[in-house]
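# Structural features, examined
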Amino acid sequence: MNSKSVALPFRTTLLNWYETHQRNLPWRQTRDPYAIWLSEIILQQTRVEQGQGYYHRFITTFPDVQTLAAAPLQEVLKCWQGLGYYSRARNLHATAKALVNDHQGRFPETYEGLLTLKGVGSYTAAAIASIAYRQPHAVLDGNVFRVLARLFLIDTPIHSTAGKKQFAALADTLLDPHHPDTYNQAIMDFGALQCVPSKPDCARCPMKERCLAHNRDAVALVPVRKAETAKRVRYFYYFVCRQGNDLFLRERTGKDVWQHLWEFPLVETEQPCTLESLLSSPEVMAWLGDSFTLHTPVSLKHTLSHQLIHALFIPVDIVATTLPGFTRVSPSAMETTPVSRLIDLYLSKL
DNA sequence: TTCCAGCACC
DNA sequence: GGTGCTGGAA
């Protein structure tokens, strides 16, 4: 295959399509690296429709890198609550502080410099370099993998070492070096709107004549991904200790999900267990004290990328006014306390 | 109810 | 290579 001979007609067709189909997104109205960086971090693993509301809240609350750096992490996490992959918010905050403290609040102006930022990998570095600085770096996100795998009928697994090399080389050949910003946004929009993951409308596709997957009836077969590993199953028993309208929570620490988010007293097991056995454990007895009132437990199932959590929320009115190791949180203080989607969902059902 | 899409770090 | 989330489509 001679990639160069297909690059020009591909770019032309793509840019023609983009002129009439491009999405109007708020972060496309700027070349401010801060705004572009913020939008790209939010959009990692996140759909544009969901990301827009968060982007608006962030850019309003933290209009520049100085404001973000000066904010407490808890405020950033609260703004991020519900978006998932909370390390993105922690890295966002850490990077803002590093930029302000060590680089006068200015962003690196090269791809390699951008790569040194926490939370910025090859995709995000290429996106910022091309969109904010118009440097010729091809982005390779899920959309681009899909478009290229279909057009050139590539069945190399996209995340294998060989696949990454092959797709990166191809993407670099196709990139329009004079308009890397427009080109990159065009191919991502093309993947998001036209060359969609399932049942794309190939009859209306401007690329169909030269799409190998379409011509060979193999659109559904590519891109190829590696089989994913089995999910870990965990059982969470949350004791929702209540003192009047107040609740007791603590911050999650350690190398696990939901770092720095807050939660109720928790017993975790690998196997399901009975409420009776939990109530006889010394830890739980210490939380509940001698006199308490149990209420009907609420069961929720929560799926994470590599885990399945069976959660049981057990509301208990307790007599004690303090719980060692926990913070007593009033309903109004809950408004500023970041919690996981799981706990948010439980609270919303009350 | 299940499946699936979407990057970075350790 | 394993791990971190959520919401919308199927």
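Residues numbered from 1 in each chain as written. Chains lettered and ligands numbered in written order. Predicted model: local features only at pLDDT ≥ 70, side-chain atom pairs only at ≥ 80, totals over all residues. Heavy atoms only, no water.

## Observations regarding the protein's contact with DNA strand C
Lining the immediate environment of DNA strand C, one finds 19 residues, of which Tyr-86, His-302, Thr-303, Ser-305 and Gln-307 sit closest. Take Trp-258: an N or O atom from its main chain is 2.8 Å from a phosphate oxygen of DNA strand C. In this structure, Gln-307 approaches DNA strand C through a side-chain N or O atom, which is 2.5 Å from a phosphate oxygen. In terms of residue class, the surface near DNA strand C is made up of six nonpolar, ten polar and three charged. (Near = heavy atom within 4 Å. Polar contact = N/O pair within 3.5 Å; in protein donor to acceptor, adjacent residues only side chain to side chain. Nonpolar A, V, L, I, M, F, W, Y, C, P; charged D, E, K, R; others polar.)

## A few points about empty space enclosed by the protein
Applying the stated criterion across every chain yields a total of one cavity of 30 Å³ or more. Considering only enclosed or pocket space, the largest cavity measures out at about 120 Å³ in volume. Lining the largest cavity are 15 residues, with Phe-190, Cys-195, Cys-202, Cys-205 and Cys-211 positioned closest to its centre. Breaking the lining of the largest cavity down by element, the ones donating at least two residues are helix 9 (142–151) and helix 11 (180–194). If one sorts the elements of the lining of the largest cavity by residue count, helix 9 sits on top with three residues. Among the residues forming the lining of the largest cavity, the class breakdown is ten nonpolar, two polar and three charged. (1 Å grid on protein atoms, 1.4 Å probe; cavity = no way out; pocket = protein on both sides within 12 Å on 5 of 7 lines; lining within 4 Å. Points joined across faces, edges and corners; volume = space filled by probe spheres on them. Helix = DSSP H or I, 4+ residues; strand = E, 2+ residues; numbered from the N terminus.)

## Side note on the pairing of strand 7 (residues 307–318)
Of all the twelve residues making up strand 7, nine are buried; the element is thus mostly covered by neighbouring parts of the structure. When strand 1 (residues 232–243) meets strand 7, the two strands line up parallel, connected through eleven bridges. Bridge pairing links Arg-234 to Ile-309 in strand 7. Note that strand 5 (residues 292–294) and strand 7 share three bridges and pair antiparallel. Residue pairing for strand 7: Leu-294 is matched across the bridge by Val-316. Across six bridges, the pairing between strand 6 (residues 298–303) and strand 7 is antiparallel. Bridge pairing in strand 7 places Lys-301 opposite His-310. Turn length for the strand 6-strand 7 hairpin, with the two strands adjacent in sequence and antiparallel, is three residues. (Buried < 20%, exposed > 50% of the residue type's maximum accessible area, 1.4 Å probe, protein only. Pairing = 2+ DSSP bridges.)

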